[in-house]
Amino acid sequence: QDKKSNASANLKFNEIPHRLDFKHHVPEGYSADRVLSWGDPLDAFAGKFKPEQLNASEQARRFGYNNDFIAYMPLANDAGPGEGEKHRQSRNSEHGLLCINHEYTQPHLMFSGYTEKSSNRGTRDEHIAVEQQACGHTIVEIEKTPDGWLPVLGSLYNRRLSLTTAMNIVGVAAGDRRLQTNEDPTGTRVLGTVGNCAGGKTPWGTVLIAEEGFGGAFQGDPDNVADEIEARNHHAFGISPGNRNWGDYDRRFDITVEPNEPNRFGWMVEYDPYDPESTPRKLTGLGRFEHEGFTLVSKPGKPIVAYGGDDDEHQFVYRFVSRGVYQPGDDVRNRELLTEGTLYAGQFSEGGIGRWLPLLHGRGPLTQENGFRNQADVLVDARRAARLLGATPMDRPEDVETNPVNDCTYVMLTKNKKRKPDQVNAANPRARNTAGHVLEIVPPGRSGARDHVSDTFHWNTFLLGGNPNAEDPAERGAYGQQHTGNISADGWFANPDNVAFDQRGNMWIATDGCESFGFHDGLWAMATEGELRAAPRHFFGCPQGGEICGPEFTPDGKTLFVSVQHPADADGSTFDNPLHRWPDNDPDLPPRPTVLAIRRKDAGVVGS
Ligand code: FEO
Ligand code: CA
Ligand code: CA
Ligand code: CA
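Residues numbered from 1 in each chain as written. Chains lettered and ligands numbered in written order. Predicted model: local features only at pLDDT ≥ 70, side-chain atom pairs only at ≥ 80, totals over all residues.

## Structural notes on helix H5 (residues 124–134)
The periodicity of an α-helix, 3.6 residues per turn, causes residues three or four positions apart to be oriented the same way. For H5, a buried count of eight out of 11 residues is recorded, marking the element as mostly surrounded by other parts of the structure. Along H5, the positions that sit buried rather than exposed are His 127, Ile 128, Ala 129, Val 130, Glu 131, Gln 132, Gln 133 and Ala 134. Elements that come into contact with the buried residues of H5 comprise helix H2 (56–60), strand S3 (95–102), helix H4 (107–110), strand S4 (118–119), strand S5 (122–123) and helix H8 (246–249). Looking one or two residues beyond H5, the residue adopting positive phi is Gly 136, at roughly 105°. (Buried ≥ 20, exposed ≤ 12 C-beta atoms within 10 Å, placed from the backbone. Helix = DSSP H or I, 4+ residues; strand = E, 2+ residues; numbered from the N terminus. Contact = placed C-beta atoms within 7 Å.)

Following this line, the structure appears as structure tokens:
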């Protein structure tokens, strides 16, 4: 009980107000320093970013666009590449690797004089070549110095993953005929990753990155190239003839040439940041959909449980349970835990009752008659399988993460304007949900020691986003222990997206969409227990047009890394005529997506 009341009392910062301007904001007594921006060099010789010199090979040695998920992976000062175990155990909070997703590109903000055909930087094909290097992921060594957190240029660990990085496909669907292409008849080897939104970390020192909005990279009319099931599959991910022309540049993105290439995207990817030579793997066991991320619950001697969301309207929350059990230290075996196991979709029923429904071929409706030849079909078409099983269609599931203190799991549901009044359900109670909400999954067992392997659970509505004083009850936010709305004027928010927990079990929510409510996106922190449960306080605000992603604490809790994505993204904003030029305010530089390190000026624990 003491622990619970402490958790709420521990959030002591002075709230910042709702605002909408061209700066970022932190509470009094805090600093937010730039760590890396789009175009910054990763090697020792690349030099300062000059957008007028940008080409594909330059982009490949520089920080990518639209930074999203961040994993901080500690580095032991007495170990080298390949010694992940030593690094991980060091819990070093002053020296580590930052592992950062680059979700997507925005050519009108990247190239001066941009039109679809050309820009001052070159032709359409040259744009796409740059963009394929600006997507994906960055691994960069960083150090806390008297001048703040600085990247170590030229570090052996520094690496970019992009659309041209070779990756293996593993798990049950690997090699299936639906994953085979002319370039790769084995169906086990694919070039690159795209749409990398959020992710997760494993206790064996690897990083998970999600493939979310991959459909936009593909062009072609699904109805002309595929059987009914494949056509439905391609339509479901937004592949259409009107998409941008990556397929004209790189034929594998044209589904009339490679109808199976999209089936090689939409997975979770696992890689080892401590081994710069390692080949990333796409994990088919975690299903194929618009992955927001997957986060793990690992308990010695128990299966690994991983939770994730499919970020689209009326899609599902998923859980994976490994076949093998987690044995701390046995990394050779642990590294295979995510390749074999069972995927489940969530069913949230009236009265706060929930069930996990297994996606297993041959069980219930998942049969040949319904177009599932085998388990590979069930995983490739996980959305269709989950719907047939009776999983609950949700309001765009984003991050799903477990609180390390109370051991409950929290689901960020960002919004769903498409939900009609006759489609509301207990867990998604608002038609035309503009503000989003947060659910709490309570697996059986006592606080801090719950059974995440159980196929049944309880759930609660943790909070409803939106203004607690909104006139329309359908838009009214609900916060606090009894959902009384008794919070500060700046404590409310909308559109929860990413979430992180500090070591005391406080929840930190990053938003994507508050500008439609009149103020910046940002971070809100709150307790999950005690008197101040679900009563948010406003901690960070983005420059206008930006969204905040990837909150990530160092193990000591003294640094909070955040990604500011697409700053100055607004109607009419371009490279040459941007809404603003954050963070550089340099007339030679456009607005740049940027990772910030937030710290307390007195070097204390963030938020306490
Ligand atoms: Fe890329 Fe689900 O936000
Ligand atoms: Ca985003
Ligand atoms: Ca997101
Ligand atoms: Ca989002």
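## Topic: the sheet that holds strand S15 (residues 291–297)
The strand order across the open sheet built from nine strands is S15-S16-S18-S19-S20-S27-S24-S23-S22, with neighbouring strands paired in antiparallel fashion. Since the sheet does not close on itself, it has two edges, and those belong to S15 and strand S22 (397–402), each with one partner. Across the sheet, the mean angle separating the axes of adjacent strands is 30° when strand polarity is ignored. Note: strand S18 (residues 317–325) against strand S19 (residues 341–349), five bridges, orientation antiparallel. (Pairing = 2+ DSSP bridges. Axes fitted to C-alpha atoms, helices over the stretch in contact; angles between N-to-C directions.)

## Overview of the pairing of strand S24 (residues 437–442)
For a regular strand, side chains alternate in direction, first toward one face of the sheet and then toward the other. Among the six residues that make up S24, five are buried, leaving the element largely enclosed by the rest of the structure. With five bridges joining them, strand S23 (residues 409–413) and S24 adopt antiparallel strand pairing. By the bridge assignment for S24, Leu 413 is matched with His 437. As paired elements, S24 and strand S27 (residues 456–464) share six bridges and run antiparallel to each other. Across the sheet, Ile 441 pairs through a bridge with Trp 459, a residue of S27.

## Observations concerning the sheet that holds strand S1 (residues 30–37)
The pairing of strands in a sheet happens through backbone hydrogen bonds and is either parallel or antiparallel. The strand order across the open sheet formed by four strands is S1-S34-S33-S32, and the pairing between neighbours is antiparallel. For this open sheet the edge positions go to S1 and strand S32 (547–553), each flanked by a neighbour on one side alone. Mean inter-strand twist for the sheet, computed between neighbouring axes without regard to direction, equals 25°. Where S1 meets strand S34 (residues 594–600), seven bridges bridge the pair, whose relative direction is antiparallel. Bridge pairing in S34 links Ala 32 to Ile 598.

## So, the confidence of the model for the chain
Overall, the prediction assigns the chain a mean pLDDT of 95, with 98% of residues at 70 or greater. Model confidence for the complex: the whole-complex pTM is 0.97, and ipTM, which rates the interface, is 0.94. (pLDDT = per-residue confidence, 0-100.)

## Focus on helix H11 (residues 382–389)
Where burial is concerned, most of H11 is hidden: seven out of the eight residues are buried. Within the sequence span of H11, burial applies to Ala 382, Arg 383, Arg 384, Ala 385, Ala 386, Leu 388 and Leu 389. Two residues or fewer past H11, Gly 390 is found with a positive phi of approximately 95°.

## Looking at the pairing of strand S29 (residues 507–511)
Counted residue by residue, S29 has five buried out of five residues, so it is predominantly covered. Side chains of S29 alternate between two faces, with Met 507, Ile 509 and Thr 511 and Trp 508 and Ala 510 buried alike. Note that strand S28 (residues 496–501) and S29 share five bridges and pair antiparallel. Residue pairing in the sheet places Phe 501 in a bridge with Met 507 of S29. Counting the residues that bridge the hairpin from S28 to S29 gives five residues, and of these Gly 505 lies at a positive phi of roughly 85°. Pairing analysis gives four bridges linking S29 to strand S30 (residues 522–526), with the strands arranged antiparallel. Along S30, the bridge assignment pairs Met 507 with Met 526.

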